[in-house]
Structures are given as C-alpha cells and as structure tokens.
Amino acid sequence: MAKHFARIIIYGAQSVGRAFAKAIRQEIEASREAARQRQAVCGGSSSIKNDVAHKGMTLFEAQQILNVKNLDDREEIQYNFDHLFRVNEKSSGGSFYLQSKVYRAKERIDRELQKLASNDGLTRRQKAEQQHQHQQEQ
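Conventions used here
- Residues numbered from 1 in each chain as written.
- Predicted model: local features only at pLDDT ≥ 70, side-chain atom pairs only at ≥ 80, totals over all residues.
- Heavy atoms only, no water.
- pLDDT = per-residue confidence, 0-100.
- Helix = DSSP H or I, 4+ residues; strand = E, 2+ residues; numbered from the N terminus.
- Buried < 20%, exposed > 50% of the residue type's maximum accessible area, 1.4 Å probe, protein only.
- Contact = heavy atoms within 4.5 Å.
- Patch = residues over 30% accessible without salt bridge, like charges linked within 9 Å, V, L, I, M, F, W, Y side chains within 5 Å.
- Areas by Shrake-Rupley, 256 points an atom, 1.4 Å probe, with all protein chains shown as cover.
- Salt bridge = Lys/Arg side-chain N within 4 Å of Asp/Glu carboxyl O.
- Core = buried A, V, L, I, M, F, W, Y, C linked by side-chain atoms within 4.5 Å.

A. Geometry of the confidence of the model for the protein chain. Per-residue pLDDT for the protein chain averages 82, and the proportion of residues at 70 or more is 76%. Ranking the elements of the protein chain by mean pLDDT puts helix H2 (residues 46–49) last with 48 and helix H4 (residues 74–87) first with 94.

B. Up close: the side chain of Glu-112. Relative to the assigned elements, Glu-112 resides in helix H5 (residues 96–137). The buried category is assigned to Glu-112, whose relative accessible area is 11%. Leave out the neighbours within four places in its chain, and Glu-112 touches Leu-59 and Leu-71.

C. Representation of unusual backbone geometry in the model. For Asn-67, which is not a glycine, the phi torsion comes out positive at approximately 55 degrees. Tracing the backbone through its elements, the reader meets Asn-67 in the loop between helix H3 (59–66) and H4.

D. Up close: a nonpolar patch on the surface. A cluster of nonpolar side chains, contributed by Phe-20, Ile-24 and Ile-28, occupies part of the molecular surface with about 290 Å² of accessible area. One can find Phe-20 in helix H1 (residues 2–44).

E. Here's a closer look at the nonpolar core. One finds Met-57, Leu-59, Ala-62, Leu-66, Val-68, Leu-71, Ile-77, Phe-81, Val-102, Ala-105, Ile-109 and Leu-113 forming the largest nonpolar core, which totals 12 residues. Elements with a contribution of two residues or more to this core: H3, H4 and H5. Looking at this core element by element, the count peaks at four residues for H5.

F. Main features of the pattern of salt bridges. Across all of its chains, the model carries six salt bridges by this definition. Arg-36 serves as the salt-bridge partner of Glu-29, at 3.5 Å between the closest nitrogen and oxygen. Relative accessible area serves as the criterion here: at 39%, Glu-29 is assigned to the partly exposed category. Notably, a salt bridge pairs Glu-112 with Lys-115, separated by 3.8 Å at the nearest N-O pair. With Glu-112 and Lys-115 both in helix H5 and three residues apart, the pair spans about one turn of that helix. Through salt bridges that share partners, Glu-29, Glu-33 and Arg-36 make up one connected network.

Right, here's the structure in full:
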C-alpha cells in the first residue's frame, strides 16, 4: 500500500513539474513575441524609438491612453481627457488607478506640447534674427 501511495505522489509531482515547465516555456515565448511586436512598432518610426519615457510613460503610450493620434488637435485631447477622467472617478464607481493613468497621459502630452512650442519659438526667433541680419547686410 505504501508503495502505491509513493508512486501516486511521484506521478503527481512529475505531472505538476511538466505543467510548470510548460507554463514557463509559454511565458518565455509570449515575452519574446511581445518584444518582437514592440520592435516592429518601434522599428518603423524613429519618433517612437526616440520617445523617452518621462515618469514611466512615453508619448506613444500617452496618445494610446487618451486615444489621440494628432497632437495638433488640442480640443480632442482635452475632450478625451475630461471624459476619461470623469468616467473613472472613484465616486462614480471608477478606478483611481485608471484615473491617475489618464492624468499622467495628459500631463505627458502637455509636456510634449510645451516642448514643441518652445522649440517652435526658438526657430521663429532664429528666423527673425536671420532676416534682420540679412536686411542689415543689404
């Protein structure tokens, strides 16, 4: 009887071990596939490759969270932010975690817009200085 009981334990342990090994292999393969997909997404666009995460969120992720494709449409950005923020309020049964993600996404997009505006301001100033110098030369 003890011999049969020992075999049952051994076979059970082997089954659990095989299942665990299979789960590990599947997880590794899923991780590799996710890396391949990320490489495919990042590989085609240099702007995504150079998108630096600020406070853990890239511009691409922020655009996905707020469902915004074009940063020039500020009304759409604000509308989507307001809607998602309101829907995820804790008092209406929403998730504080999701609400904070929405807030961080808006914050990240705003930071990018400020950066673009300051770069645009510098280029305008440089163009104006070049035109001024060009007029003085004539």
